[in-house]
Amino acid sequence: MKDLNISRRNFISGTAAGSVLLGAPAILSAATLTGGAVGQIKTPMTNGSMTVTEFKNTKIHSYVSPNLTGCVTTHIIETPERLIIVDGQRSVIFGQEIRDYAEKIGKPIDRMIVSHLHPDHWFGAYQFRDVPIYSLESTQGEIDQLGDFFIEISKPSLGKHVPVEKVVPDTLIADGSSETIDGVTLEYRHVTDAESDNMLTIFLKDEKVLIAQDLLYNNCHLFCGHGNFQGWQASLKAMRDDTSFDLVLPGHGENTGSRQAIDDALIYLEFVENTFNKVKTGDELKAAIMERYPSYLAAGLVDIQNLFLFPEK
Ligand SMILES: [Zn+2]
């Protein structure tokens, strides 16, 4: 397996900052429907919220966690006969909330797909450890290598939200592959050097939906800890030029599906990159980001990001 760009030392230095993530759970504001879907309904849940987007033969149920764990999304693709779950949350408690919701739909859970390495997308997969868990081969290797470490450094700040052990994806997805499940076609794409070094996006061609996960955030602070500013912006520009989808689903923030989030992300990344090149400390960078984006959620991600961008601090 190739060496990871993120060093273990950087992760270790992150232990102290976990407490900044604590905050009151938030219910996000009402969704605004865009694109070609039939309809969209949002429902608050005990912890997070669920927005259901309805298509002709398919529904996508999009869960957004409380701000405590960074407003991270899980999408449940409901085909006529089964459920496909995309990403597993940073919390086993929120993972269980999604599991309970999925069970009530009354269709078998076919699989979970994990989009990338970051633990906010697979800690809660522990509540789905009895179903096949799919990922890119690179992501499987990254979680196998770093999973235990993520769990240990997260315990002080997240406690009962953290799984007792890692769940490593057991089934591989190849870049460029596609499959049709109950008439719903999923096309898998491997994106590199963006929010994470290896990321999966899923294109539902008939529904004209791109599940972008952490290539895109909606009204949340983007995690720039890998420093892949140029690569990420290039991916977003390619996404902006791609007219094959109407709705694009984010990895953080409410699922409005709006393509506007692509432009928002490009502006945010350019701002953070330029500011990062000017400032000397993480505190300076954070202050500038907070001044420019005072209403954005998931501010805890800025603190985690700074541990990687300023590893000596
Ligand atoms: Zn994330």
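Structure report, in brief. (Residues numbered from 1 in each chain as written. Predicted model: local features only at pLDDT ≥ 70, side-chain atom pairs only at ≥ 80, totals over all residues.)

The next subject is unusual backbone geometry. In this model, D193 sits at a positive phi of 55°, which is unusual for a non-glycine residue. Tracing the backbone shows D193 in the loop between β10 (184–192) and β11 (198–204). The exposure class of D193 is partly exposed, given the 18 C-beta atoms found within 10 Å. A positive phi angle is found at K208, which is not glycine, with a value near 55°. Take K208: it is sitting in the loop between β11 and β12 (209–217). (Helix = DSSP H or I, 4+ residues; strand = E, 2+ residues; numbered from the N terminus. Buried ≥ 20, exposed ≤ 12 C-beta atoms within 10 Å, placed from the backbone.)

When you line up the elements, R240 lands in helix α4 (residues 229–241). Along the backbone, R240 and R259 are 19 residues apart, and their C-alpha atoms lie at a distance of 7.8 Å.

Moving on, we come to the nonpolar core. Formed by 77 residues in total, the largest nonpolar core has its most connected members in V248 and A265. Setting aside residues up to four positions removed in sequence, V248 forms contacts with L210, A212, L216, G257, R259, A261 and I262. (Core = buried A, V, L, I, M, F, W, Y, C linked by C-beta atoms within 7 Å. Contact = placed C-beta atoms within 7 Å.)

So, about the pairing of strand β3 (residues 59–64). Counting buried residues in β3 gives five out of six residues, a clear majority hidden from the surface. Two strands pair when backbone bridges link them, and strand β2 (residues 49–54) and β3 are joined in this way by six bridges, in the antiparallel orientation. In the sheet register, E54 faces β3, and the bridge partner there is K59. Counting the residues that bridge the hairpin from β2 to β3 gives four residues. (Pairing = 2+ DSSP bridges.)

The next thing to look at is helix α2 (residues 92–105). Here α2 is 14 residues long and its end C-alpha atoms lie 20 Å apart, about the 20 Å a rise of 1.5 Å per residue gives. Residues V92, I93, F94, G95, E97, I98 and A102 constitute the buried set of α2. On its buried face, α2 sits against β3, β4 (73–78), β5 (83–86) and β6 (109–113). Looking at the residues trailing α2, positive phi occurs at G106, about 90°. (Expected span 1.5 Å × (residues − 1).)

Let's shift gears to the sheet that holds β12. With mixed pairing, five strands are arranged side by side in an open sheet as β9-β10-β11-β12-β13. The sheet terminates laterally at β9 (178–181) and β13 (247–252), the two strands that pair on one side only. Pairwise comparison of adjacent strand axes, ignoring direction, gives a mean angle of 30° for this sheet. The sheet contact formed by β10 and β11 spans seven bridges and is antiparallel. Residue pairing for β11: T192 is matched across the bridge by N198. Taken strand by strand, α4 contacts β10 and β12, and its axis lies near 155° from that of β12. (Axes fitted to C-alpha atoms, helices over the stretch in contact; angles between N-to-C directions.)

Our next topic: the pairing of β4. The buried fraction of β4 amounts to six of the six residues, a majority that puts the element mostly inside the structure. Across the two faces of β4 the burial is the same, with T73, H75 and I77 and T74, I76 and E78 all buried. With four bridges connecting them, β4 and β5 associate as antiparallel partners. Counted as the bridge partner of I76 is I85 from β5. Between β4 and β5, which pair antiparallel in sequence order, lie four residues.

Running from N to C, α4 and helix α5 (residues 260–278) point in directions that differ by 160°, and their axes come no closer than 10 Å. Viewed along their axes, α4 and α5 adopt a mutual orientation that is roughly antiparallel. Note on packing geometry: the crossing formed by α4 with α5 is left-handed. Residue-level inspection shows F229, W232, Q233, L236, M239 and R240 of α4 in contact with α5, the latter providing I262, A265, L266, L269 and E273. (Parallel < 35°, antiparallel > 145°, perpendicular 65-115°, else oblique. Left-handed = near helix turned anticlockwise from the far one by under 90°.)

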